[in-house]
Amino acid sequence: TQTETQKQHDLIQRKIVFIPNTKPFKGFSNDFHIETLNPTTTSEQRQLVCVNGSTSHPPPKKHDGSEFSEFGFDPELNFGITFRRIGAGLWNLGNTCFLNSVLQCLTYTAPLAAYLQSGKHKSSCRVAGFCALCAIQNHVSRALQSTGIISPKDLVGNLRQEDAHEYMVNLLESMHKCCLPSGVPSESPGAFEKSLVHKIFGGRLRSQVKCSQCSFSSNKFDPFLDLSLEILKANSLQKALANFTASELLDGGEKQYHCQRCKQKVQALKQLTIHKAPYVLAIHLKRFYAYDPHKKIKKNVEFDSALDLKPFVSGSYVSKQWSFFSYM
Ligand SMILES: [Zn+2]
Ligand SMILES: [Zn+2]
């Protein structure tokens, strides 16, 4: 609704003034209040994370597990988790703000946090050397138990200076590799099916090329963990998704595409669609110009507190809402 959108805007646009603290931090008092941005969230709603500033909080909702079955989650695992209180803050260890924002976001991604808190991975981990999943499990467990400020020490080894999006992509990729049974190549179809990371964040994109003469279409499917959206011609998330999934004439309408059925070069239309929607959808807004990666696109991109992907999905899909739970 308008007021919820306004609330989000007020929160995101609010100027934060930092002042040196005058006494040691002793945790939050009992009357500390968390405002849920989207208090009307129901279990029908999925989660939406947007990589771009500040974080909100997922609704404190108990799940019974049934809603996860369509996403292929292990039914024996109880993914319910309730964040009872605000967790730890993170020290900036020197240019680690991008890392901290990603960690805070993942710590409150309910199914991931619940899986990590179950300890299932660590007890059977066979990864030799650094394991991203064990590291994040250690971090999440410390973050949720503490109310003070902790160091993101579990994950700062081998850190390159990246932006939050690059870091999240690389971290999820390492976590994906670490959660596979030994001998399963990380890019195989079996890997995407088995991987905990793909069960939570994974979706599938369909790239379709359609002959404009005979309508024959060829489809290619690719797994994704996040969607990167152009915002130059979009003032809202809906519009950015609409542009992302719009049909475009291949080669500007030149007859360059060889149709398998017509057996000749034809005009063809190309379209990307979300074929399988993920349980937790991560969206990256491309705020830098392609021709100059140092120049930022400073514009408002509006979004509502919930999103229905229906107009953008090509596979079987029952209308549902992704509730917006985190923004960076
Ligand atoms: Zn491990
Ligand atoms: Zn054709």
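Think of each chain on its own: its residues are numbered from 1, step by step along the sequence as written. Starting at A for chains and at 1 for ligands, labels are handed out in the order in which the entities are written. Predicted model: local features are reported for residues with pLDDT of at least 70 only, side-chain atom pairs are reported and counted for 80 or more only, and whole-chain, interface and lining totals are derived from all residues. Values reported for side chains reflect all heavy atoms of the structure, with hydrogen atoms and water molecules removed beforehand.

As annotated in an unreviewed UniProt entry, the chain carries the name Ubiquitin carboxyl-terminal hydrolase 23-like and comes from Trifolium medium.

*Asks:* Can you tell me about the overall build of the chain, naming the residues and giving the values?
*Replies:* When you go through the chain residue by residue, the secondary structure sums to 10 helices and 13 strands. Note on areas: these come from Shrake-Rupley sampling with a 1.4 Å probe, and a residue is covered only by the protein chains present in the view. Summed over its atoms, the accessible surface of the chain is roughly 17800 Å², and 51% of this surface lies on carbon and sulfur atoms. A run of H or I in DSSP counts as a helix once it spans at least four residues, and a run of E counts as a strand once it spans at least two, with each numbered from the N terminus.

*Asks:* Which residues make up helix α6 (residues 132–145), and what values go with them?
*Replies:* What a helix should span is 1.5 Å times the count of its residues minus one. Over its 14 residues, α6 extends 20 Å from the first C-alpha to the last, a length consistent with the 20 Å expected when each residue adds 1.5 Å. Counting buried residues along α6, 10 of its 14 residues qualify, which places the element largely inside the surrounding structure. Inspection of α6 places Ala 132, Leu 133, Cys 134, Ala 135, Ile 136, Gln 137, His 139, Val 140, Ala 143 and Leu 144 among the buried residues, and these make up the whole buried set. Contacts from the buried residues of α6 go to β2 (89–90), α3 (97–107), α4 (110–118), α5 (120–123), β3 (149–150) and α7 (164–178). Exposure categories follow from relative accessible area, calculated using a 1.4 Å probe and restricted to protein chains: below 20% of the type maximum is buried, above 50% is exposed, and the middle band is partly exposed. Contact criterion: two residues are considered in contact whenever any of their non-hydrogen atoms come within 4.5 Å of each other.

*Asks:* Please give an account of the coordination of the zinc ion (ligand 2) that cites residues and values.
*Replies:* Note that water is not among the atoms considered, so a metal site may appear incomplete; the donors listed are N, O and S atoms within 2.8 Å of the metal, with 3.2 Å applied to Na, K and Ca. For the zinc ion (ligand 2), the full set of protein donor atoms is Cys 211 (SG), Cys 214 (SG), Cys 259 (SG) and Cys 262 (SG), and the range of their distances to it is 2.2 to 2.3 Å. Here the zinc ion (ligand 2) is ringed by four donor atoms whose angles at the metal span 106 to 111°, and the overall shape comes out tetrahedral. Ordering the donors of the zinc ion (ligand 2) by residue number gives the pattern C-x2-C-x44-C-x2-C. Of the two residues, Cys 211 is situated in strand β4 (residues 203–211) and Cys 259 in strand β8 (residues 257–259); the sequence distance between them amounts to 48 residues. In this scheme the shape depends on donor count and angles: four donors with every angle between 85 and 135 degrees give tetrahedral, four or six donors with opposite pairs above 155 degrees and others between 65 and 115 give square planar or octahedral in turn, and any other case is irregular.

*Asks:* Hey, could you go over the coordination of the zinc ion (ligand 1) for me, with residue numbers and the actual values?
*Replies:* Taken together, His 121 (NE2), Cys 125 (SG), Cys 131 (SG) and Cys 134 (SG) make up the full set of protein donors to the zinc ion (ligand 1), lying 2.1 to 2.3 Å away. Sequence positions of the donors to the zinc ion (ligand 1) reduce to the motif H-x3-C-x5-C-x2-C. Placement of His 121 in helix α5 and of Cys 134 in helix α6 is noted, with a sequence separation of 13 residues between them. With respect to class, His 121 is no different from Cys 134; both count as buried.

*Asks:* An account of the pairing of strand β5 (residues 217–224) is needed here, citing residue identities and associated values.
*Replies:* DSSP calls a pair of strands paired once it identifies at least 2 bridges connecting them. Two elements, β4 and β5, share eight bridges in a ladder whose sense is antiparallel. Paired with Val 209 across the bridge in β5 is Ser 218.

*Asks:* Give a detailed account of the side chain of Thr 273, specifying residues and quantitative values.
*Replies:* Among the secondary structure elements, Thr 273 is positioned in strand β10 (residues 268–276). Think of a polar contact as two N or O atoms within 3.5 Å of one another; within protein, one of them needs to be a possible hydrogen donor and the other a possible acceptor, and neighboring residues in sequence only count if both atoms come from side chains. Within the local environment of Thr 273, its side chain forms a polar contact with the side chain of Ser 314, the two groups lying 2.8 Å apart. Those residues in contact with Thr 273 that lie beyond four places of it in its chain are Arg 204, Leu 205, Arg 206, Thr 245, Phe 312 and Ser 314.

*Asks:* Provide a residue-level description of the packing of aromatic side chains, including the pertinent values.
*Replies:* Pairing of aromatic side chains here covers Phe, Tyr and the six-membered ring of Trp, requires ring centres within 6.5 Å, and sorts the geometry by plane angle: under 30 degrees stacked, over 60 edge-to-face, intermediate tilted. Counting across every chain of the model gives six aromatic pairs. Site record: aromatic cluster; members linked through ring pairs are Phe 303, Phe 324 and Tyr 327.

*Asks:* Give me the lowdown on the pattern of salt bridges, citing residues and values where you can.
*Replies:* One speaks of a salt bridge when a side-chain nitrogen belonging to Lys or Arg is within 4 Å of a carboxyl oxygen belonging to Asp or Glu. The full count for this structure, using the stated rule, is three salt bridges. For Arg 142, the salt bridge is made with Asp 154, and the minimal N-O distance between the two is 2.9 Å. With Arg 142 in helix α6 and Asp 154 in the loop between β3 and α7, this pair connects stretches of sequence that are 12 residues apart. The salt bridge partner of Asp 222 is Lys 220, with a shortest N-O separation of 3.1 Å.

*Asks:* Lay out the packing of α4 against α6 in plain terms, naming residues and giving numbers.
*Replies:* Every axis in this analysis is a line fitted to C-alpha atoms, fitted for helices over the stretch in contact. Angles between the N-to-C directions lie between 0 and 180 degrees. The contact between α4 and α6 brings their axes to 9 Å, and the two run at 95°. Relative to α6, the element α4 is oriented roughly perpendicular. Between α4 and α6, the residues in contact are Ala 113, Leu 116 and Gln 117 and Leu 133, Ile 136, Gln 137, Val 140, Ser 141 and Leu 144, respectively. Gly is placed with the polar residues, together with every amino acid not listed as nonpolar (Ala, Val, Leu, Ile, Met, Phe, Trp, Tyr, Cys and Pro) or charged (Asp, Glu, Lys and Arg). Taken together, the residues of the contact of α4 with α6 sort by class into six nonpolar, three polar and no charged. Note on angle classes: values under 35 degrees are labelled roughly parallel, values over 145 roughly antiparallel, values of 65 to 115 roughly perpendicular, and the remainder oblique.

*Asks:* Give a description of the environment of Leu 90 that names residues and reports values.
*Replies:* One can find Leu 90 in strand β2. Taking the C-alpha atoms as reference points, Leu 90 and Ser 151, 61 residues apart in sequence, are found 5.6 Å from one another. Other than its neighbours up to four places away in sequence, Leu 90 contacts Asn 100, Leu 103, Gln 104, His 139, Ile 149 and Ile 150.

*Asks:* If you had to explain the packing of α3 against α7 to someone new, which residues and values would you point to?
*Replies:* Orientation of α3 relative to α7, taken along the N-to-C sense of each, is 55°, at an axis distance of 9 Å. As far as their axial angle goes, α7 and α3 are oblique. The interaxial crossing formed by α3 with α7 has right-handed handedness. Here α3 contributes Phe 98, Leu 99, Ser 101, Val 102, Leu 103 and Leu 106 to the contact with α7, which in turn contributes Ala 164, Tyr 167, Met 168, Leu 171 and Leu 172. Residue composition of the contact of α3 with α7, grouped by class: 10 nonpolar, one polar and no charged. Note on convention: near helix rotated counterclockwise from far helix by under a right angle means a left-handed crossing. Clockwise means right-handed.

*Asks:* How would you summarise the confidence of the model for the chain if you had to cite specific residues and measurements?
*Replies:* Confidence in the prediction for the chain averages 81 pLDDT; 75% of positions are at 70 or higher. In the model, residues 27–44 has pLDDT below 50 throughout and makes 27 contacts with residues more than four positions away in sequence or in other chains. In the model, residues 53–66 has pLDDT below 50 throughout and makes 29 contacts with residues more than four positions away in sequence or in other chains. Residue-level confidence of the predictor is summarised by pLDDT, bounded by 0 at the bottom and 100 at the top.

*Asks:* Pulling in residues and values, what's your account of α3?
*Replies:* In terms of residue burial, α3 counts as a mostly covered element, since nine of its 11 residues are buried. Of all the residues in α3, the buried ones are Phe 98, Leu 99, Asn 100, Val 102, Leu 103, Gln 104, Cys 105, Leu 106 and Thr 107.

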